[in-house]
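Below, each chain spelled out in residue letters.
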Amino acid sequence: IPDLRRCERILWPSYILESCIDNCDKILIWENKRKNDKRILIWCKTVEYLIVLAKRKDYVIFWTAYPVTKKHTQCKLQKEYDEYIIAEVARL
């Protein structure tokens, strides 16, 4: 069964990547690892929308995107982002 909320936002990833990413302070960007794959997560908190890119050796590809509608998912993403920032600051 198609998720209509997801379908109606089919054009959002390109808009966010092209127009919002450098112009909005409500965009959080971080990397994570799922099994052996590296991912780049881009979360627009203004509209609660997540874009996931897969990082390859020489390029990045679009993986998925979806609305973040559940509060526990928002909390999980925020925690993951905070932990990533703390680890990056410690690494420097």
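Since the structure is predicted, the reported quantities are computational estimates derived from the model, not experimental observations.

Asks: Would you mind going over the nonpolar core in detail, with residue names and values included?
Replies: Core analysis: the biggest nonpolar cluster contains 10 residues, these being Ile 16, Cys 20, Ile 27, Ile 40, Ile 42, Cys 44, Tyr 49, Ile 51, Leu 53 and Ala 65. When neighbours within four sequence positions are excluded, Ile 51 is seen to be in contact with Pro 13, Ile 16, Leu 17, Ile 40, Leu 41, Ile 42, Phe 62, Thr 64 and Ala 65. Core analysis: the next-biggest nonpolar cluster, separate from the first, contains 9 residues, Trp 30, Trp 43, Val 52 and Tyr 81 among them.

Asks: Describe the layout of surface pockets, naming the residues involved and giving the relevant values.
Replies: In this structure, the largest pocket encloses a volume near 150 Å³. Lining the largest pocket are 13 residues, with Arg 34, Leu 41, Leu 50, Val 52 and Tyr 66 sitting closest to its centre. Mapped onto the lining of the largest pocket, the elements with two or more residues apiece are β1 (27-34), β2 (37-44), β3 (49-55), β4 (60-67) and α3 (71-91). Broken down by element, the lining of the largest pocket gets its largest block of residues, 4 residues, from α3. The residue makeup of the lining of the largest pocket, split by class, is 6 nonpolar, 3 polar and 4 charged.

Cut-offs applied
- Residues numbered from 1 in each chain as written.
- Predicted model: local features only at pLDDT ≥ 70, side-chain atom pairs only at ≥ 80, totals over all residues.
- Heavy atoms only, no water.
- Core = buried A, V, L, I, M, F, W, Y, C linked by side-chain atoms within 4.5 Å.
- Buried < 20%, exposed > 50% of the residue type's maximum accessible area, 1.4 Å probe, protein only.
- Contact = heavy atoms within 4.5 Å.
- 1 Å grid on protein atoms, 1.4 Å probe; cavity = no way out; pocket = protein on both sides within 12 Å on 5 of 7 lines; lining within 4 Å.
- Points joined across faces, edges and corners; volume = space filled by probe spheres on them.
- Helix = DSSP H or I, 4+ residues; strand = E, 2+ residues; numbered from the N terminus.
- Nonpolar A, V, L, I, M, F, W, Y, C, P; charged D, E, K, R; others polar.

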